[in-house]
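Below are the chains, spelled out letter by letter.
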Amino acid sequence: MSAKTIYFVAGEASADNHGAALMRALRNADVDLRFIGRGGPQMKAVAGAGFQNWIDKSGVLGLWEVIKHYGYFRKQFHEALREIETSKPNAVVLIDYPGFNLRLARALSASARATADKPKIIYYISPQVWAWNRGRIKKMACWLDLMLCIFPFEADLYNQSGLRTIFVGHPMIERLRESKSRLRGTDYGGQVDIQRDSNLVGLFPGSRGREVRKIFPILIQTSRELRQSKAKLRFEVAAASDELATEMEEMLAPRDRHLFGIKVGQTAEIMQHAFVGIVASGSATLEAAYFRMPFALIYKVAWPTYLAGRLLVKVKYLGMPNVLADKQVVPEFIQHRAKPQDLAKAILQLLDDPMKRQEMISNFDKIAAQLGESGASARAARAILTEIA
């Protein structure tokens, strides 16, 4: 019996993390699988030479950036269609990245109707169409064979629309649990919590260059505002890469540099030591909630992107902790409201008011419980293997 082939498409760093974990879980269940497609360095490391690492170009943020790179994405789209047609995989697994992947699903569904050996089209990590275009769900039910979602409310929503959906839990739980256990020692057989530093503020300006360039200058000014009230405060900044760390260093004035520690690849460590934080909207907000770090959310993009988003987005809150809680657990400072004085005021409240801190942390525990147990990648792998059996 010949080995089965799975074609993957992931277009951003977080999807590369989740895709690599899914590939490893699939390999553990069936060593004869062949992986092809496009993603990032982690997926390529698992898949091998026949896999394309395109993350550096594919992971652009914002409407204007996508328009500027339209020619590149159009070329990649048609190349992906040709690769799938030539390789005839048993399944195509699309990971998040809705602008590209939903169009690909639609095109594959249309071309596959005339063929008997069409691949199963499986979406892993649902695009958040419930936030910006619920009417698209019925169309997705026509394009997809299976949706694997990471939030429980999504499964109910999609199944009601006729799209077969399985809730597998959030794949970040595995990684975050590992990070937590690495940082927590054992004493007489029991776990000991890390002591938070009451003078440490964590800053998380995002993982993309364009995002960091918009947000980090605001965080620097916010830090100056905070030190006017609390002169002992220090700041640790999470950088997604050495390149972004260098760029952030260059944004700091000489008089500020001794106050900021810029750390590459240490998001989880900072979140477990900092007393409070400011976090750019995205998956890091769920990580902060999981690690019980009180924080304020910041979001700032180019104005065309923001205005387009305002027209499309149909939810009350931007941050996933607030979406999951269906109330404002963390304050959101979005676009023109992302002012250093207002951010500083919110952070001072979290530094000085124990009851406000504890209320936020209690809400975080309820939110984390919704993300499911560890083992999301293994559950997703089992569902995919059942689909192509």
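Rules used throughout
- Residues numbered from 1 in each chain as written.
- Predicted model: local features only at pLDDT ≥ 70, side-chain atom pairs only at ≥ 80, totals over all residues.
- Heavy atoms only, no water.
- Helix = DSSP H or I, 4+ residues; strand = E, 2+ residues; numbered from the N terminus.
- Buried < 20%, exposed > 50% of the residue type's maximum accessible area, 1.4 Å probe, protein only.
- Contact = heavy atoms within 4.5 Å.
- Areas by Shrake-Rupley, 256 points an atom, 1.4 Å probe, with all protein chains shown as cover.
- pLDDT = per-residue confidence, 0-100.
- Expected span 1.5 Å × (residues − 1).
- Bend = angle between axes of the 7 residues up to and from the residue.
- Pairing = 2+ DSSP bridges.
- Axes fitted to C-alpha atoms, helices over the stretch in contact; angles between N-to-C directions.
- Right-handed = clockwise from strand over helix to strand, strands pointing away.
- Phe/Tyr/Trp six-rings, centres within 6.5 Å; stacked < 30°, edge-to-face > 60°.
- Core = buried A, V, L, I, M, F, W, Y, C linked by side-chain atoms within 4.5 Å.
- Salt bridge = Lys/Arg side-chain N within 4 Å of Asp/Glu carboxyl O.
- Polar contact = N/O pair within 3.5 Å; in protein donor to acceptor, adjacent residues only side chain to side chain.

S.K.: For the overall build of the protein, give the residues involved together with the corresponding values.
M.R.: From N to C terminus, the protein includes 19 helices and 15 strands. For the protein, the proportion of its 389 residues judged to be buried stands at 52%. Counting contacts in the protein only where the partners sit at least 6 residues apart, residues at least 24 apart contribute 69% of the total. Of the roughly 18,300 Å² of accessible surface on the protein, a fraction of 51% belongs to carbon and sulfur atoms.

S.K.: Explain the confidence of the model for the protein to me, using residue names and the numbers behind them.
M.R.: Of all residues in the protein, 90% have pLDDT values of 70 or greater, and the mean over the chain is 88. Confidence, expressed as mean pLDDT per element, reaches its minimum in the protein at strand 8 (residues 186-187) with 38 and its maximum at helix 17 (residues 340-352) with 98. Note that residues 186-192 has pLDDT below 50 and, in this model, six contacts with residues that lie over four places away or in other chains.

S.K.: Break down helix 11 (residues 209-229) for me, citing the residues and quoting the values.
M.R.: For helix 11, spanning 21 residues, the distance from its first C-alpha to its last is 31 Å, which sits close to the expected 30 Å at 1.5 Å a residue. At I215, helix 11 is deflected by roughly 30°, the largest bend along its length, and proline P217 occurs up to four residues later in sequence. Turning to helix 11, its buried residues are G209, E211, V212, I215, F216, I218, L219, I220, T222, S223 and L226.

S.K.: Describe in detail the sheet that holds strand 12 (residues 260-264), supporting the description with residues and values.
M.R.: On the basis of which strands lie adjacent, the open sheet formed by six strands has the order 12-11-10-13-14-15 and parallel pairing. Two strands close off the open sheet at either side, each with one partner strand: strand 12 and strand 15 (332-334). Averaged over all adjacent pairs, the angle separating strand axes in this sheet is 20°, with direction ignored. Pairing analysis gives five bridges linking strand 10 (residues 197-204) to strand 13 (residues 274-280), with the strands arranged parallel. Looking at strand 13, one finds that V201 is bridged to V276.

S.K.: Could you give an account of the pairing of strand 6 (residues 146-149), with specific residues and numbers?
M.R.: Both faces of strand 6 are covered, namely the face carrying L146 and L148 and the face carrying M147 and C149. As paired strands, strand 5 (residues 120-124) and strand 6 are joined by three bridges and run parallel to one another. Its bridge partner lying in strand 6, Y124 is registered against L148. Both strand 6 and strand 7 (residues 165-167) contribute to a ladder of three bridges, which runs parallel. Along strand 7, the bridge assignment pairs C149 with F167. For the segment spanning strand 6, helix 9 (residues 152-160) and strand 7, crossover handedness is right-handed.

S.K.: Kindly report on the packing of aromatic side chains, identifying the contributing residues and their values.
M.R.: Aromatic ring pairs are reported here in terms of the distance separating the ring centres and the angle at which the planes meet. Enumeration according to the criterion identifies 11 aromatic pairs in this entry. Aromatic pair F151 and F153: ring centres 6.1 Å apart, planes at 15°, arrangement stacked. Residue classification places F151 among the buried residues on the basis of a relative accessible area of 4%. The partly exposed category is assigned to F153, whose relative accessible area is 27%. Ring geometry for Y290 versus F291: centroids 5.4 Å apart, planes at 80°, classification edge-to-face. What makes Y290 buried here is its relative accessible area of 10%.

S.K.: Give me the nonpolar core: which residues, what numbers.
M.R.: Core analysis: the largest hydrophobic core is formed by 98 residues, its most contacted members being F8 and L26. In contact with F8, not counting residues within four places along its chain, are L22, M23, L26, F35, I36, G37, R38, M43, F51, V93 and I95.

S.K.: Can you explain the pattern of salt bridges? Please cite residues and give values.
M.R.: Per the stated rule, a full pass over the model turns up 15 salt bridges. We note a salt bridge from E247 to R213, for which the minimum N-O separation is 2.6 Å. Here E247, found in helix 12 (residues 242-251), pairs with R213, found in helix 11; they are 34 residues apart in sequence, far enough to count as distant. For E247, a relative accessible area of 22% puts it in the partly exposed group. Ionic pairing is found between R224 and D256, a salt bridge with its closest N-O pair at 2.6 Å. On the criterion of sequence distance, the pair formed by R224 in helix 11 and D256 in the loop between helix 12 and strand 12 is long-range, its members being 32 residues apart.

S.K.: Describe the environment of R27, listing the residues and the values that go with them.
M.R.: Its location among the elements puts R27 in helix 1 (residues 13-29). We classify R27 as partly exposed; its relative accessible area is 23%. Distance in space between the C-alpha atoms of R27 and A381 is 8.9 Å, their sequence separation being 354 residues. Contacts of R27, omitting those with residues within four sequence positions, involve L33, R34, F35 and V46. One polar contact links the side chain of R27 to the main-chain carbonyl oxygen of L33, over a distance of 3.2 Å.

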